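Inside the fold
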Amino acid sequence: MFRQLTQSFQRRADLLLEGRYEVLARDYVLPLPVQLGDCAIRIDSADEMAVHLRRHHVALMRRSTTDMRPQIIAVELPRGAGLQRVWLRWHMTGAAGPMVSQAVYGCQPADQGGRIEWMCYTRLAMPEFGRSATHRRLVVR
């Protein structure tokens, strides 16, 4: 199970670094609640998802990020509505050296598509993503 999940998250990282937002956006269920540190946002449409993914991609490119690797810390067995939580560290390599983010994802089990239904970042490698001004119209008020 860890191998399949790791491959799935690695695929997402590769798509993000390649700037393939439309393909990557299919891996998320909308509306998508996202917690980025103290900043709560909700992504309601494919257009908003493309904006969010583009901001993330641009921030990574500004840091000359060349590599993103997921490290799965823990996986919960599917529960209730079939969701499972996945605790993950993102290890990124950029010009300024290594960066690490930490998140919990609410995912559908792989046999149900494996799409992400919510995300909560508990540690941000790029602190600007924890500020509401970064997300403007996506911020939940």
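Summarised in this report is the structure supplied together with it. What you are looking at is a predicted structure, and each value in this text was computed from that prediction instead of being measured.

About the cut-offs
- Residues numbered from 1 in each chain as written.
- Predicted model: local features only at pLDDT ≥ 70, side-chain atom pairs only at ≥ 80, totals over all residues.
- Heavy atoms only, no water.
- Pairing = 2+ DSSP bridges.
- Helix = DSSP H or I, 4+ residues; strand = E, 2+ residues; numbered from the N terminus.
- Axes fitted to C-alpha atoms, helices over the stretch in contact; angles between N-to-C directions.
- Contact = heavy atoms within 4.5 Å.
- Buried < 20%, exposed > 50% of the residue type's maximum accessible area, 1.4 Å probe, protein only.
- Phe/Tyr/Trp six-rings, centres within 6.5 Å; stacked < 30°, edge-to-face > 60°.
- Lys NZ or Arg CZ within 6 Å of the ring centre and 35° of its normal.

**Side note on the sheet that holds strand β2 (residues 39-43)**
Read from one edge to the other, the open sheet built from six strands follows the order β2-β1-β6-β5-β4-β3, with strand pairing classed as mixed. The sheet terminates laterally at β2 and β3 (67-75), the two strands that pair on one side only. In this sheet, neighbouring strand axes are inclined to one another by 20 degrees on average, regardless of whether the strands run parallel or antiparallel. Inspection of the sheet shows strand β5 (residues 97-107) paired to strand β6 (residues 116-123) by six bridges, in the antiparallel sense. When the bridges of β6 are listed, Cys107 appears paired with Ile116. Sheet contacts for helix α1 (residues 2-18): β3, β4 (84-94), β5 and β6; angle to β3, the most-contacted strand, approximately 150 degrees. Sitting on the sheet, helix α3 (residues 46-62) touches β1 (32-36), β2, β3 and β4, and the angle it makes with β2 is about 130 degrees.

**Some details on unusual backbone geometry**
Going from Leu30 to Pro31, the amide bond is cis rather than trans, its omega being -5 degrees. Among the secondary structure elements, Pro31 is positioned in the loop between α2 (21-25) and β1. The backbone of Ser64 shows a phi angle near 55 degrees, a positive value even though the residue is not glycine. Topologically, Ser64 is positioned in the loop between α3 and β3. On the basis of relative accessible area, Ser64 is assigned to the partly exposed category, the value being 39%.

**What about the pairing of β2?**
Only one face of β2 is covered, namely the face carrying Cys39, Ile41 and Ile43; the face carrying Ala40 and Arg42 is uncovered. Relative to β2, β1 is paired through five bridges, and the arrangement is antiparallel. Residue Leu32 lies in a different strand from β2, and its bridge partner there is Ile43. Linkage of β1 to β2, two consecutive antiparallel strands, is achieved through a turn of two residues, within which Gly37 is found at a positive phi near 65 degrees.

**A few points about the packing of aromatic side chains**
Applying the stated criterion to the full structure yields three aromatic pairs. Seen in terms of ring centroids, Phe9 and Tyr105 are 4.8 Å apart; in terms of plane orientation they differ by 55 degrees. Their pairing is tilted. Taken together, the positions of Phe9 in helix α1 and Tyr105 in strand β5 put the pair 96 residues apart, joining distant regions of the chain. Note on Tyr105 and Tyr121: the rings are 6.1 Å apart at their centroids and 75 degrees apart in plane angle, and the pair reads as edge-to-face. A residue pair is termed long-range when its members are at least 10 positions apart, and Tyr105 in strand β5 and Tyr121 in strand β6 qualify at 16 residues. Judged by relative accessible area, Tyr121 falls into the buried class, the value being 11%. Grouping aromatic residues by their ring pairs yields a cluster made of Phe9, Trp90, Tyr105 and Tyr121. Between the NZ or CZ atom of Arg12 and the centre of the ring of Phe9, over which it lies, the distance is 4.9 Å.

In short, geometric facts, not functional conclusions.
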